[in-house]
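A closer look at the structure
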Amino acid sequence: MRGSSRRRFLGTTAAGGALVGLGDFSFLSRLRPVSADELTPRPNMVRLQPDIEPLVRLLEKTPRERLLEEVATRIDAGLSYRELLAALQLAGVRNIQPRPSVGFKFHGVLVVNSAHLASLASSGNDRWLPMFWALDYFKKTQADDEREGNWTMAPVDESRVPGPADARKELASALDAWDFERADWATAGFVRAAGANEVFEFFAQYGARDFRSIGHKAIFVANSWRTLQTIGWQHAEPIMRSLAYAITQYDGPNPAKSDELPDRPWRLNQELAPQLRTDWVRGEERPEATKEVLAALRETPYDVACRKVVEVVNSGAAPAAAWDAIFGCAGELLMRKPGIVALHAVTSANALYFAYLTSGDDLTRRLMLLQGTAFVTLFRDEVVRRGGEMADLRLETLEPVAPPKSEEEALAAIFQDVSGNRASAAARVLGYLEAGRSPEDLIAAARRMIFLKGRDSHDYKFSSAALEDFYNVSPAWRNQFLATAVFNLKGTGDAENSLVERTRAALGA
């Protein structure tokens, strides 16, 4: 971006709040240059593509308090959004270990695609703000990793990398054995030998095979693939190596030699998937079928719920009926017990559905549907296990509140209640949508609130997933689903995050 379009960073929110415009970049010429030594990778560090390595090293070496200014200088000099996205993703996988859990500090990697989706759904210079937030968050998680031992992805052991003819088989064997070292070598060989779609198809199943890390493995598969679609497959090898390392994470006994709860749904669903009728992707729209699956997801164990999905689809219902129940139950969990577990029910459903939509393999698609079913029941049980009272709320019992006549007043009322009375905000969202008001304006306002007031990686991860999935849910259920999202969105009464002011300062406001 050039000229005045770059200097005007944010406009006016649809919810009635105004964001201050940002000034020009002239003050940034006073910043010191970055030395060549700072851009040279260490010998024990995996090397990246030559064209992206200097920018990645800039992100790695620049102190957190100065990074936004350094990046702003390069944007003003012509750095593209795609280059910055690539460098941020690669800096994350090289510097942040996806252990002991594929979460926590590793959100510095997982959130990159969520920030990217927020950017794609925005317009003009708004698109830079999620990236600046993600840059700062990377520095936080990089510091967390340094305190925990300063892990860095090493160069692959080339002597152990299998040849093209053997790489896929060796990788499958390593992942089946949960052997991360063999998986690392084999991943490098597989990525070098196979096409991008083949790699995605392979990892989609392994990312969904177990419930450890509350869905983050499936999320990483989807997010890494989606980011690579933008930054280019030439950057795939280190990202896929990080993914293989994450997928083989476990605590306790080796899952290949034990029978732990996180692995049981996968084993069951490998048996159930072939039982779906031959033409299972086609079927009738049956609202009662969604209600049947919803009832199973609310009350029954994972095995009963998965068998119910097979029964419903085999009776002639479209698989969308089951997906509507999966999305709806995940949103309902968040509405009944807001918190970290329930919001991951939503983000995991988003990741599994993405794999379902993207895969060209019939078995993979069957498994994503059934694993999505099982995961929601496991999230439900985890919410119960952690204790605390759950609100007596159901999708079907949400009552809409008629919106004010003015669009601006209607949106302002919703986001005021998000900060003070989320149940009231949900009723207002339902009333707003049922009155035929624009969901696009509501979604745009929700994203702006995240830009201004989001403080945690989950603010971006959740909002990107839930707002995207509004369109993945059937029309009969999507309004209720979006109403549940207010239980983890931001409102006008929430404090503005300090990074907004830092970004304004960095860009010379």
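Residues numbered from 1 in each chain as written. Predicted model: local features only at pLDDT ≥ 70, side-chain atom pairs only at ≥ 80, totals over all residues. Heavy atoms only, no water.

1. Observations concerning the confidence of the model for the chain
We apply this condition: The predictor attaches a confidence to each residue, and that confidence, scored 0 to 100, is pLDDT. Pairs of residues are marked as contacts when any of their non-hydrogen atoms sit within 4.5 Å.
Residues with a pLDDT of 70 or more make up 91% of the chain, whose mean pLDDT is 90. Of the regions scoring below 50 in pLDDT, residues 1-40 engages in 90 contacts with residues more than four places distant in sequence or in other chains.

2. Things to note about the environment of Gln-234
Quick note on the threshold: A run of H or I in DSSP becomes a helix once it reaches four residues, and a run of E becomes a strand once it reaches two; helices and strands are each numbered from the N terminus. Relative accessibility decides the category of a residue: with a 1.4 Å probe and only protein chains considered, values under 20% of the type maximum give buried, values over 50% give exposed, and everything between is partly exposed.
Its location among the elements puts Gln-234 in the loop between helix H10 (216-231) and helix H11 (236-247). For Gln-234, a relative accessible area of 45% gives the class partly exposed. Along the primary structure Gln-234 and Ser-498 are separated by 264 residues, whereas in three dimensions their C-alpha atoms are 36 Å apart.

3. Considerations on the pattern of salt bridges
Our working definition: Think of a salt bridge as a Lys or Arg side-chain nitrogen and an Asp or Glu carboxyl oxygen that are within 4 Å of each other.
Counted by the stated rule, this structure contains 33 salt bridges. Between Arg-264 and Asp-259 there is a salt bridge; the shortest N-O distance is 3.4 Å. Classification of Arg-264 as partly exposed rests on a relative accessible area of 33%. A salt bridge links Glu-396 to Arg-298, with the nearest nitrogen and oxygen atoms 2.7 Å apart. Placement of the pair is Glu-396 in the loop between helix H17 (362-385) and helix H18 (407-420) and Arg-298 in helix H13 (residues 287-299), with a sequence separation of 98 residues. When salt bridges that share partners are traced, they join Glu-53, Arg-57, Glu-60 and Arg-94 into one network.

4. Structural notes on the nonpolar core
Keep this limit in mind: Within this scheme, the nonpolar core is defined by two criteria: the residues are buried Ala, Val, Leu, Ile, Met, Phe, Trp, Tyr or Cys, and they are joined through side-chain atoms within 4.5 Å.
Core analysis: the largest hydrophobic core is formed by 161 residues, its most contacted members being Leu-59, Val-71, Phe-203, Met-240, Phe-415, Leu-442 and Leu-482. Per-element tally for this core: the top contributor is helix H16 (residues 340-358), with twelve residues.

5. With respect to the packing of aromatic side chains
Rules: To pair, rings of Phe, Tyr and Trp, with the six-membered ring standing in for Trp, must have centres within 6.5 Å; the planes then decide the type, stacked if under 30 degrees apart, edge-to-face if over 60, and tilted in the middle. A ring is scored as having a charge over it whenever the NZ atom of a lysine or the CZ atom of an arginine sits within 6 Å of its centre and within 35 degrees of its normal.
For the structure on display, the rule yields 24 aromatic pairs. Relative to Trp-128, the ring of Tyr-81 lies with its centre 6.0 Å away and its plane at 65°, an arrangement referred to as edge-to-face. One end of the pair, Tyr-81, is in helix H4 (residues 81-95); the other, Trp-128, is in helix H6 (residues 128-147), with 47 residues separating them in the sequence. Grouping residues by exposure puts Tyr-81 and Trp-128 together as buried. Here the aromatic residues Trp-280, Trp-323, Phe-327, Tyr-353, Tyr-356 and Phe-481 are joined through ring pairs into a cluster of three or more. The cationic tip of Arg-209 hangs over the ring face of Trp-178; the distance from NZ or CZ to the ring centre is 3.7 Å. The ring of Phe-470 has Arg-478 sitting right over it, with the charged end atom 5.4 Å from the ring centre.

6. Describing unusual backbone geometry
Residue Arg-99 is joined to Pro-100 through a cis peptide bond whose omega torsion reads 5°. Within the secondary structure, Pro-100 sits in the loop between H4 and helix H5 (107-120). Here the phi dihedral of Asn-150 falls at roughly 60°; this positive angle occurs in a residue that is not glycine. Position of Asn-150 relative to the elements: it lies in the loop between H6 and helix H7 (167-176). Given a relative accessible area of 42%, Asn-150 falls into the partly exposed group. If you check the backbone angles, Ile-214 has positive phi at about 35° while not being a glycine. Relative to the elements of secondary structure, Ile-214 occurs in the loop between helix H9 (196-207) and H10.

7. Some remarks on the side chain of Lys-490
Condition: Under this rule, positive means Lys or Arg and negative means Asp or Glu; His and the chain ends count for nothing.
Structurally, Lys-490 is set in the loop between helix H22 (475-485) and helix H23 (498-506). For Lys-490, which is buried and forms no salt bridge, the nearest opposite charge comes from Asp-459, at a distance of 4.1 Å. If we skip the residues at most four places from it in the chain, Lys-490 touches Phe-415, Val-418, Met-449, Ile-450, Lys-453, Gly-454 and Asp-459.

8. Side note on the side chain of Arg-447
Tracing the chain through its elements places Arg-447 in helix H20 (residues 439-453). For the buried Arg-447, no salt bridge exists, and the shortest N-O distance to an oppositely charged side chain is 7.1 Å, to Glu-468. Leave out the neighbours within four places in its chain, and Arg-447 touches Ala-118, Ala-121, Leu-467 and Glu-468.

9. What to know about helix H2 (residues 53-61)
Summarising burial for H2: seven of the nine residues are buried, a large majority. Turning to H2, its buried residues are Glu-53, Leu-55, Val-56, Arg-57, Leu-58, Leu-59 and Glu-60. Buried residues along H2 sit against helix H3 (64-76), H4 and H6.

10. What to know about the state of the cysteines
Heads up, the rule is: Criterion for a disulfide: a pair of cysteine sulfur atoms within 2.5 Å.
Following the criterion strictly, the structure yields zero disulfides and no others. A disulfide-free cysteine, Cys-306 has its sulfur positioned 13 Å from the sulfur of Cys-329, the nearest such atom.

11. As for the packing of helix H12 (residues 264-272) against helix H14 (residues 302-314)
Relative orientation and spacing of two packed helices are given, respectively, by the angle between their axes and the distance between those axes. Where we set the bar: Orientation is described by lines fitted to C-alpha atoms, with helices fitted over the stretch in contact, and by angles between N-to-C directions that extend from 0 to 180 degrees. These descriptions rest on fixed angle ranges, namely under 35 degrees for roughly parallel, over 145 for roughly antiparallel, 65 to 115 for roughly perpendicular, and the rest for oblique. The crossing is said to be left-handed when, going from far helix to near helix, the turn is anticlockwise and less than a right angle, and right-handed when the turn is clockwise. Put simply, Ala, Val, Leu, Ile, Met, Phe, Trp, Tyr, Cys and Pro go in the nonpolar bin, Asp, Glu, Lys and Arg in the charged bin, and everything else, Gly too, in the polar bin.
Following both chains from N to C, one finds H12 and H14 inclined at 25°, their axes separated by 10 Å at the closest point. When the axes of H12 and H14 are compared, the pair comes out roughly parallel. The handedness of the crossing between H12 and H14 comes out as right-handed. Contacts from Arg-264, Pro-265, Leu-268, Asn-269 and Leu-272 in H12 reach Tyr-302, Asp-303, Cys-306, Arg-307 and Val-310 in H14. Of the residues contributing to the contact of H12 with H14, the split by class is six nonpolar, one polar and three charged.

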